[in-house]
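Given next are the chains, with one letter for each unit.
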Amino acid sequence: MATYQRNIVWLDEISLWKDVVNKSPNKPKGYVQLGLGYYSKGFIEEAIINYHSAINLKPELTSDLLGAYINLGNAYLDKGLTAEAEASYLKAIELNPSQENAYSDIAQARAYNNIGNIYQDRGLIDKSIEYYQIALKLNPYSAEIYNNLGNAYFSKVMYDQAIKSYQ
C-alpha cells in the first residue's frame, strides 16, 4: 500500500515537487523545481508564483537562486513582459557566482545571452554584442550564443565577424 501511495507522488514532476515543497517548505530548491514542472506543462503563472516563492525564502542574493531568477526571466518573456524578464536576468548576473563552479558559469552565460537577445530585439545591437561576448567567456561551447552573436554582427553589416561567429 505504501508503494502504491508513493507511486502517486512520482506520477509526474509536478506531483513529485509538490510533495517535496509540502515536506520542506523552507527550502527554495523545491519551489524552483516545481516552477520548472509547471513551466514545462505550459502553466506559466504557476511557474512564476513558485519562482517568487523560492526567491522570497532567500531574499539575500545567493547562487542557490541563480536558476530561479533565470527561469523567472524566461517565464516573463513567454508572457511578453520584457522589462520584468530583463530585471530577472540582471539579478541573476548580480549574483556573480562564477567562481563557484562550472554550472554557475553556464547558467550565468544563459542570463547574459538572454539579455543580449532582449537588447537585440530592441535594436540595441552594440549592447547585445557586449552581452553575447561576456556569455561566450562564461560558456565558450554554446552554439546558440555564437549564433546570436553572428546574427548581431550580421545586422550591423559586419559580415566577417558574423561568419567567424557562425563558424
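Residues numbered from 1 in each chain as written. Predicted model: local features only at pLDDT ≥ 70, side-chain atom pairs only at ≥ 80, totals over all residues. Heavy atoms only, no water.

A few points about the pattern of salt bridges
Here's step 1: This model, assessed by the stated rule, comprises five salt bridges.
Here's step 2: Taking the shortest distance from any N to any O, the salt bridge between Lys23 and Asp19 comes out at 3.1 Å. Here Lys23 pairs with Asp19, and both are found in helix α2 (residues 13-23), just four residues apart, close to one helical turn.
Here's step 3: A relative accessible area of 56% means that Lys23 is categorised as exposed.
Here's step 4: Linking Lys79 and Glu45 is a salt bridge whose minimum nitrogen-to-oxygen distance equals 2.6 Å. Of this pair, Lys79 sits in the loop between α5 (66-78) and α6 (82-95) while Glu45 sits in helix α4 (residues 44-57); the two residues are 34 residues apart in sequence, bridging distant segments of the chain. (Salt bridge = Lys/Arg side-chain N within 4 Å of Asp/Glu carboxyl O. Helix = DSSP H or I, 4+ residues; strand = E, 2+ residues; numbered from the N terminus. Buried < 20%, exposed > 50% of the residue type's maximum accessible area, 1.4 Å probe, protein only.)

Re unusual backbone geometry
Both trends apply: most residues other than glycine have a negative phi, and most peptide bonds are in trans.
Here's step 1: Backbone geometry places Val157, a non-glycine residue, at a positive phi of 60°.
Here's step 2: Checked against the element boundaries, Val157 lands in the loop between α9 (143-155) and α10 (159-166).
Here's step 3: Among the residues examined, Val157 registers a relative accessible area of 52% and is labelled exposed.

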